[in-house]
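Commentary on secondary and tertiary structure
As a plain string of letters, each chain reads:
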Amino acid sequence: MLRRSLLRMANDPRVRSRVESAPGTDELVSRFVAGRTAPEVVAVADDLTSKGLQVTFDRLGENATDEDEAAECTQGYLDLLALVAQEPWADQVDVSVKLSAVGLQLGRAGEQLAHDFTRRICEAAAGIGATVTVDMEDHTTTDATLAVVERLRQDFPSTGAVLQAYLRRTESDCRALATEESRVRLCKGAYSEPAGVALQSRHEIDLSYARCLRVLMEGPGHPMIATHDPRLVEIGVALARKLGRDPGSFEFQMLFGVRPIEQRRLVDIGHQCRVYLPYGTDWYGYFTRRVAEKPATVSLFARQLIGRR
Ligand SMILES: Cc1cc2nc3c(=O)[nH]c(=O)nc-3n(C[C@H](O)[C@H](O)[C@H](O)COP(=O)(O)OP(=O)(O)OC[C@H]3O[C@@H](n4cnc5c(N)ncnc54)[C@H](O)[C@@H]3O)c2cc1C
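Computed from a prediction, not measured in an experiment: that's the story for all the values here. (Residues numbered from 1 in each chain as written. Predicted model: local features only at pLDDT ≥ 70, side-chain atom pairs only at ≥ 80, totals over all residues. Heavy atoms only, no water.)

**A look at the site of the ligand**
For the ligand, the set of nearby residues contains 24 residues, the closest of which are Lys188, Gly189, Thr227, His228 and Glu293. Note that an oxygen atom of the ligand is positioned 2.7 Å from one of the side-chain N or O atoms of His228. For the ligand, the accessible surface in isolation is 930 Å², of which the surrounding protein chains cover 87%. Of all the cavities here, the one that holds the ligand is the largest pocket. Looking at the shell around the ligand, the elements with two or more residues in it are strand S4 (161-164), strand S5 (183-187), strand S7 (251-255) and helix H12 (284-293). The element best represented in the shell around the ligand is S7, accounting for three residues. Tallied by class, residues from the shell around the ligand come to 11 nonpolar, five polar and eight charged. (Near = heavy atom within 4 Å. Polar contact = N/O pair within 3.5 Å; in protein donor to acceptor, adjacent residues only side chain to side chain. Areas by Shrake-Rupley, 256 points an atom, 1.4 Å probe, with all protein chains shown as cover. 1 Å grid on protein atoms, 1.4 Å probe; cavity = no way out; pocket = protein on both sides within 12 Å on 5 of 7 lines; lining within 4 Å. Sits in = over half its atoms within 2 Å of the grid points. Helix = DSSP H or I, 4+ residues; strand = E, 2+ residues; numbered from the N terminus. Nonpolar A, V, L, I, M, F, W, Y, C, P; charged D, E, K, R; others polar.)

Here it is as structure tokens:
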């Protein structure tokens, strides 16, 4: 309930301007955002990969308001990939793209535009042996996002999809996507969604996550277990053991700044763990979703809103 209220409140432009200019915001933001520029985030990635972790880069920004903005975002990814190409770990990299940042919301042509821009990112990623995963946004975009991923997969079969366990449709989407070569990231879901389309209680969402995870782990694809929830991580570990999955055939994923010790522990016990690295200056939407997920951060955030540290 608190999470939903906070997400709604964060959409108010007056709240946004207050948060963005509040003293101390920078410090809070840097807990979750890995860098302001591409060289900064590449340096963070270099450190993490030296510790056996893998990375996915997310250029912050969503809801491009015109084609120029979508093109600028695409160019940002191309510049990042050019930088990453010089690194010895380039062929293990993934980049995460939000279709709304590359034009999905721009009217009737939006889906085609988002497809075309993401395709350019896929081409550049494929050129250095890296992969692309298309992030999932709110439920009004699910069908269009999955349609774009399906098209991209025709030429770039490693393109990853994301499914959100809180959506009522997701178990069925997991069955459809649990196919050979298919990379699917399973997360709980980060948006404020209505009860008609999404489960509302934590307990129901966790049960759905466990069911969906089983479907993906039993399939022949490459599941990406994106959660910090200790019980779900343990279910992932146990399923992998029970099903005799090769450690290279699935991976755990966690966000930058969240449970870093657990990220290292998973690597130490022989699993792959990929860290999601958001970077850039357009951090507001991403940051408010992270704050809403953690009660302790909510109180710090609330103190920013009323102007106290
Ligand atoms: C790699 C990755 C990619 C993602 N991609 C998407 C996407 O494309 N679309 C989408 O809708 N959502 C995405 N998410 C977000 C996801 O949907 C959840 O909102 C988020 O991961 C929190 O859920 P949880 O599974 O960690 O469980 P929770 O029940 O929220 O958290 C479990 C425990 O993890 C810790 N924790 C969780 N979040 C935080 C935090 N912000 N700060 C500090 N501690 C925390 C706490 O200890 C908490 O008790 C992604 C998450 C990850 C890890």
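**Some words on the packing of aromatic side chains**
Tallied over the full model, the rule gives five aromatic pairs. Look at Tyr276 and Tyr286: their rings are 6.2 Å apart centre to centre, the planes differ by 10 degrees, and that puts the pair in the stacked class. Pair noted here: Tyr276 is in strand S8 (residues 273-279) and Tyr286 is in helix H12, with a separation of 10 residues, a long-range link. For the pair Tyr276 and Tyr286, a shared accessibility class is recorded, and that class is buried. Considering the side-chain rings of Trp283 and Phe287, the 5.5 Å spacing of their centres and the 85 degrees angle between planes classify their relative orientation as edge-to-face. Each member of the pair, Trp283 as well as Phe287, carries the same accessibility label: buried. (Phe/Tyr/Trp six-rings, centres within 6.5 Å; stacked < 30°, edge-to-face > 60°. Buried < 20%, exposed > 50% of the residue type's maximum accessible area, 1.4 Å probe, protein only.)

**Overview of the sheet that holds strand S6 (residues 222-226)**
The eight strands are arranged S3-S2-S1-S8-S7-S6-S5-S4 in an open sheet whose pairing can be described as parallel. In this open sheet, the two strands that pair with only one neighbour each are strand S3 (131-134) and S4. Put simply, the sheet's adjacent strands are angled 30 degrees from each other on average, direction ignored. Pairing between strand S1 (residues 54-59) and strand S2 (residues 94-97): three bridges, direction parallel. In the strand pairing of S2, Asp58 is matched with Ser96. The sheet strands contacting helix H4 (residues 38-50) are S1 and S8, and the helix crosses S8 at an angle near 165 degrees. (Pairing = 2+ DSSP bridges. Axes fitted to C-alpha atoms, helices over the stretch in contact; angles between N-to-C directions. Contact = heavy atoms within 4.5 Å.)

**Observations regarding unusual backbone geometry**
Located in the positive-phi region is Glu181, a residue other than glycine, with phi close to 70 degrees. Within the secondary structure, Glu181 is located in the loop between helix H8 (170-177) and S5. Although it is not a glycine, Arg259 sits at a positive phi angle of roughly 50 degrees. Structurally, Arg259 can be placed in the loop between S7 and helix H11 (260-268). Among the residues examined, Arg259 registers a relative accessible area of 31% and is labelled partly exposed.

**Here's the deal with empty space enclosed by the protein**
This structure, assessed with the given rule, holds one cavity of 30 Å³ or more. The space that makes up the largest cavity amounts to roughly 30 Å³. Here the residues of the lining of the largest cavity are counted per class, giving five nonpolar, three polar and no charged. (Points joined across faces, edges and corners; volume = space filled by probe spheres on them.)

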